[in-house]
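Coordinate analysis (summary)
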Amino acid sequence: MNSNNTHTPPTSHSVRTSRLEIEYLEWHPQGRRTAVLVHGWPDSVRTWFTVAPWLVNAGYRVIAPSVRGYAGTRFLSADTPRSGQLAALGRDLIELTQALRLDKPVLVGHDWGARAVAIAGGLMPGIGSHLVMVSVGYGTNDPSQSMSLQQAKNYWYHWYMDTPLGARSLEHDRRAFARMMWETWAPPGWYDEEEFEATAKAFDNPDWVSIVLSSYRHRWGLVTGDPAYDADEAALKPLPVLDTPMLVLHGAEDGVNPVQSSAGKERWFTAAYQRVVLEGLGHFPQRESPHRVADEILGFCGRAD
């Protein structure tokens, strides 16, 4: 790959969907193909800042939206439930692609974003030319799944946020809460404090705490979701078999989702399927080694120029 990945800074925009005004960043609007990059938790669009230039150099238009509850993305109505249920994230992604009139973009997601990409692919077959999930295996959000004790230990923060004490901790010390995830989910020394602080500004969204609590409580069946997504929830049970080419990237040193959790998923895909284990990387491969992640994406999805 050409290492001369200089580029102009992204421009900030917003687009209205049925329930949200979604803030997004855009690089290289004249690109022949589009890649939509969706961030996870606890993170922001900044997670793609060092991947996007590589995709731009390969001819892509790149769009990175702020997920509901983050940065400048806002609900249109005060009456809309602040639900973080995963089906809502998938529907948000579908509506974003429709509002921007994107024709079969490459959909790339990390963490929450990976789940949104898979759900969008299940709810709307053919929505993208390719799907890419980073640090998450397909179908691992099922509350009835079997789970090792190690995985349950890794998910301590899920259970903690289900308590009043955990909810208060998230609300009153959100930066310290998020920093602990960054410190324990990848090998030591992978990030700097300045970058964390810049990213954490996205958590100042007034709906961030509500969305985070809702997301983790809903995925384990502890709260009801927004009835607006009942049809989507029904369409995701049983788990859809996806007919869009899928690439899964997983860091071998992932400190929250063990690398084996994304293995053995081939039966859920009828098109091309590839899983790549990234040695030496943790839960944030796109930040830890952006060129490796970009190389894998372009190798699987092709260049746009």
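Bear in mind the structure is a predicted one, so any value in this text is a computation, not a measurement.

Another point: the packing of aromatic side chains. Here the structure, examined in full by the defined rule, presents 30 aromatic pairs. With centroids separated by 6.2 Å and ring planes inclined at 20°, the aromatic side chains of W185 and F284 adopt a geometry described as stacked. Highlighted residues: W185 in the loop between α7 (174-184) and α8 (193-200) and F284 in the loop between β9 (273-278) and α11 (285-288), separated in sequence by 99 residues. For F284, a relative accessible area of 0% gives the class buried. Between F203 and W208, the aromatic rings sit 4.7 Å apart at their centres with planes inclined by 20°, giving stacked as the arrangement. Per residue, the accessibility class of F203 equals that of W208, and both read buried.

Let's shift gears to the pattern of salt bridges. Enumeration over the complete set of coordinates arrives at 16 salt bridges. Here R46 and E195 are joined by a salt bridge, their closest N and O atoms 2.7 Å apart. With R46 in the loop between β3 (33-38) and α1 (52-57) and E195 in helix α8, this pair connects stretches of sequence that are 149 residues apart. Residue R46 is classed as partly exposed on the basis of its relative accessible area, which comes to 26%.

Moving on, we get to the packing of helix α2 (residues 86-99) against helix α3 (residues 112-123). Following both chains from N to C, one finds α2 and α3 inclined at 70°, their axes separated by 7 Å at the closest point. Judged on the interaxial angle alone, α3 and α2 are roughly perpendicular. Judged by residue contacts, L86, A87, L89, G90, R91, L93 and I94 of α2 engage W112, R115, A116, V117, I119, A120 and L123 from α3. The residue makeup of the contact of α2 with α3, split by class, is 11 nonpolar, one polar and two charged.

Right, let's talk about a nonpolar patch on the surface for a bit. Side chains of W156, W159 and M180 sit close together on the surface and give an oily, nonpolar patch of about 280 Å² of accessible area. Structurally, the position occupied by W156 is in helix α5 (residues 156-161). Residue class for W156 comes out partly exposed when judged on its relative accessible area of 33%.

With 98% of its residues at a pLDDT of 70 or more, the protein has an overall mean of 96. Across the protein, the secondary-structure element scoring lowest on mean pLDDT is helix α4 (residues 149-154), at 92, and the one scoring highest is strand β6 (residues 106-110), at 99. Low confidence marks residues 1-5, where pLDDT is under 50. Its contacts with residues over four positions away, or in another chain, come to 11 contacts.

What follows covers the pairing of strand β7 (residues 130-134). Of all five residues in β7, five are buried; the element is thus mostly enclosed. Taken together, the five bridges between β6 and β7 define a ladder with parallel strand orientation. Within the sheet, the bridge partner assigned to V106 lies in β7 and is H130. For the segment spanning β6, α3 and β7, crossover handedness is right-handed. Note that β7 and strand β8 (residues 246-251) share four bridges and pair parallel. Following the sheet pairing, L131 is matched in β8 by M246.

W41 connects to P42 through a cis peptide bond whose omega is -10°. One can find P42 in the loop between β3 and α1. A positive phi angle, close to 45°, is found at K104, a residue other than glycine. Mapped onto the fold, K104 is located in the loop between α2 and β6. Positive phi, close to 75°, is recorded for S135, a residue that is not glycine. Tracing the backbone through its elements, the reader meets S135 in the loop between β7 and α4.

Think of two packed helices as two axes; the pair is described by the angle between the axes and how far apart they sit. Running from amino to carboxyl end, helix α6 (residues 164-172) crosses helix α9 (residues 208-218) at an angle of 145°, the nearest separation of the two axes being 9 Å. For the crossing formed where α6 meets α9, the hand is right-handed. For the pair formed by α6 and α9, the contact residues are A167, L170 and E171 on the first element and W208, V209, V212, L213 and R217 on the second.

Below, the discussion takes up the pairing of β6. Within β6, five of the five residues are buried, which leaves it mostly tucked inside the rest of the structure. Residue alternation in β6 divides its side chains into two sets, V106, V108 and H110 and L107 and G109, and both sets are buried. In this structure, β3 lies alongside β6, joined through four bridges in parallel fashion. For L37, the partnering residue across the bridge sits in β6 and is V108.

If you look at soluble globular proteins, the nonpolar side chains tend to sit buried side by side. W41, W112, Y157, M161, L170 and V212 are the most contacted members of the largest nonpolar core, which has 63 residues in total. Apart from the residues lying within four places of it in its own chain, the contact partners of L170 are W41, M161, F177, W208, V209, V212 and L213. If you look at the next biggest cluster of nonpolar residues, it comprises 31 residues, including V62, V108, L278 and V293.

Calculation notes
- Residues numbered from 1 in each chain as written.
- Predicted model: local features only at pLDDT ≥ 70, side-chain atom pairs only at ≥ 80, totals over all residues.
- Heavy atoms only, no water.
- Phe/Tyr/Trp six-rings, centres within 6.5 Å; stacked < 30°, edge-to-face > 60°.
- Helix = DSSP H or I, 4+ residues; strand = E, 2+ residues; numbered from the N terminus.
- Buried < 20%, exposed > 50% of the residue type's maximum accessible area, 1.4 Å probe, protein only.
- Salt bridge = Lys/Arg side-chain N within 4 Å of Asp/Glu carboxyl O.
- Axes fitted to C-alpha atoms, helices over the stretch in contact; angles between N-to-C directions.
- Parallel < 35°, antiparallel > 145°, perpendicular 65-115°, else oblique.
- Contact = heavy atoms within 4.5 Å.
- Nonpolar A, V, L, I, M, F, W, Y, C, P; charged D, E, K, R; others polar.
- Patch = residues over 30% accessible without salt bridge, like charges linked within 9 Å, V, L, I, M, F, W, Y side chains within 5 Å.
- Areas by Shrake-Rupley, 256 points an atom, 1.4 Å probe, with all protein chains shown as cover.
- pLDDT = per-residue confidence, 0-100.
- Pairing = 2+ DSSP bridges.
- Right-handed = clockwise from strand over helix to strand, strands pointing away.
- Left-handed = near helix turned anticlockwise from the far one by under 90°.
- Core = buried A, V, L, I, M, F, W, Y, C linked by side-chain atoms within 4.5 Å.

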